[in-house]
Amino acid sequence: MIEDKNDTSKNLVKALQALKQAQQRVANKKKKQKEKKRKAENHHKYIMASHLMERC
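This report concerns the structure included in the present document. (Residues numbered from 1 in each chain as written. Predicted model: local features only at pLDDT ≥ 70, side-chain atom pairs only at ≥ 80, totals over all residues. Heavy atoms only, no water.)

## What about the overall build of the protein chain?
Counting secondary structure elements, the protein chain contains one helix and zero strands. Relative to a compact globule of 56 residues, whose C-alpha radius of gyration would be 10 Å, the protein chain shows 24 Å and is clearly more extended. Principal axes of the C-alpha set define a box for the protein chain whose edges measure 80 × 5 × 5 Å. Accessible surface computed for the protein chain: about 5900 Å², of which carbon and sulfur atoms make up 58%. Put simply, the protein chain has 16 plus and 6 minus side-chain charges, and the middle of one group is 8 Å from the middle of the other. (Helix = DSSP H or I, 4+ residues; strand = E, 2+ residues; numbered from the N terminus. Rg over C-alpha atoms; globule rule 2.2 N^0.38 Å. Areas by Shrake-Rupley, 256 points an atom, 1.4 Å probe, with all protein chains shown as cover. Lys, Arg positive; Asp, Glu negative; His and termini not counted. Charge placed at Lys NZ, Arg CZ, Asp CG, Glu CD.)

See the structure below:
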């Protein structure tokens, strides 16, 4: 009985660690996607601004 509780506790701890790791991976992936989008938008802004400056 005690061993079953210990096994259950160990499995629960492992599952919680796996969940935290998965959440961290998702958060990192979202962060990278936002950064990639921001860089693309900024690049477009700089290109358009330089294009407008050439016309002046």
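## Let's talk about the pattern of salt bridges
Using the criterion set out here, one finds one salt bridge in the structure. E35 is paired through a salt bridge with K39; the nearest N and O atoms lie 3.5 Å apart. You can see E35 and its partner K39 sitting in helix α1 (residues 2–55), four residues apart, about one turn around the helix. (Salt bridge = Lys/Arg side-chain N within 4 Å of Asp/Glu carboxyl O.)

## What about a nonpolar patch on the surface?
A surface patch of nonpolar side chains, about 280 Å² in accessible area, is lined by L12, L16 and L19. Secondary-structure assignment places L16 in helix α1. Assessed through its relative accessible area of 44%, L16 is described here as partly exposed. (Patch = residues over 30% accessible without salt bridge, like charges linked within 9 Å, V, L, I, M, F, W, Y side chains within 5 Å. Buried < 20%, exposed > 50% of the residue type's maximum accessible area, 1.4 Å probe, protein only.)

## Structural notes on the environment of N42
Mapped onto the fold, N42 is located in helix α1. It is 36 Å that separates the C-alpha atoms of N42 and A18, two residues lying 24 residues apart in sequence.

Purely spatial values, then, with no claim about function.
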